[in-house]
Amino acid sequence: MISLPPALITDDLKEVFFCCDMQSCKGVCCVEGDAGAPLAEQEISLLDDYLDEIKPFMTPGGIEEIEQIGVFDYDAEGKFVTPLIEGMECAYIFFDNGIARCAIEEAFQQKKIPFPKPLSCHLYPVRISQMGKGDSVNYHKWYICDKALEKGHREKIPLYLFLQDALIRKYGRNWYNRLLKLIT
């Protein structure tokens, strides 16, 4: 484990090689699972504020789900998550040539909104949980990402590099630079 306040980080960030392979997995992480993606409270406010800019990229089923229950839902532990369409795919999904993509991210890339997808999605396959006064940063191994592990090995991309932008978004540039000194 690596201690870099405010986080305790699994060694997997330097030991696991990972690079999403959307052509192979088809974005199934946005389709499978037992709950939607975790959301921070401030992300819920942003989704509320910018829903009209995100909706044009969503599926009719996703729009219907959001109109029925709102921009977020609760998981089994009562935490905020993205809503699911009929208990399956994320309500913010759309499909591009058979690949599941994020309507929030698409709206951001087209400069319609000022924020990218939820941080939990940006950080995936890492999950952050509260541990006392700090964070526990852990790699979430899931069989659907086996091709991403293969691609990461092939291209020699460790998790800390694959997640550079997301980690900087979460903890800041100075924190990330300190992480680099600790693990390289």
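Read on for a plain summary of the structure. Being a predicted model, the structure only gives us computed values, none of them experimental.

Calculation criteria
Residues numbered from 1 in each chain as written. Predicted model: local features only at pLDDT ≥ 70, side-chain atom pairs only at ≥ 80, totals over all residues. Heavy atoms only, no water. Helix = DSSP H or I, 4+ residues; strand = E, 2+ residues; numbered from the N terminus. Contact = heavy atoms within 4.5 Å. Salt bridge = Lys/Arg side-chain N within 4 Å of Asp/Glu carboxyl O. Buried < 20%, exposed > 50% of the residue type's maximum accessible area, 1.4 Å probe, protein only. Phe/Tyr/Trp six-rings, centres within 6.5 Å; stacked < 30°, edge-to-face > 60°. Lys NZ or Arg CZ within 6 Å of the ring centre and 35° of its normal.

### Focus on unusual backbone geometry
1) Next: For the bond running from P5 to P6, omega is 10 degrees, close enough to zero to count as cis.
2) Next: Along the chain, P6 falls in the loop between β1 (2–4) and β2 (7–9).
3) Next: For the peptide bond that leads from Y124 to P125, omega is 25 degrees, which places it in the cis range.
4) Next: Its place among the elements puts P125 in the loop between α6 (119–123) and β7 (126–131).
5) Next: Residue E86 is not a glycine yet carries a positive backbone phi of 50 degrees.
6) Next: Positive phi is not limited to glycine here, since K156 has a value of about 55 degrees.

### A short note on the environment of A91
1) Next: Its location among the elements puts A91 in the loop between β4 (80–81) and β5 (93–96).
2) Next: On a C-alpha basis, the gap between A91 and S24 in space is 22 Å, while along the polypeptide they are 67 residues apart.
3) Next: Among residues more than four places away in sequence, those in contact with A91 are M58, G62, E65, I66, P83, L84 and I85.

### Some details on the pattern of salt bridges
1) Next: Under the criterion given, the structure shown has seven salt bridges.
2) Next: Put simply, K79 and E77 hold a salt bridge, and the shortest N to O gap is 3.6 Å.
3) Next: By relative accessible area, K79 is classed as partly exposed at 49%.
4) Next: A salt bridge links K170 to D135; the nearest nitrogen and oxygen atoms lie 4.0 Å apart. With K170 in helix α9 (residues 164–171) and D135 in strand β8 (residues 134–139), this pair connects stretches of sequence that are 35 residues apart.

### Examining the packing of aromatic side chains
1) Next: As enumerated under the stated definition, the model contains seven aromatic pairs in all.
2) Next: Pairing F72 with F80 gives two aromatic rings, centres 5.1 Å apart and planes at 85 degrees, and the pair type is edge-to-face.
3) Next: Among the residues examined, F72 registers a relative accessible area of 23% and is labelled partly exposed.
4) Next: On the basis of relative accessible area, F80 is assigned to the partly exposed category, the value being 25%.
5) Next: The structure contains a cluster of three or more aromatic residues connected by ring pairs, namely F72, Y74 and F80.
6) Next: Taking the ring centre of Y171 as reference, the NZ or CZ of K170 above it sits at 5.6 Å.

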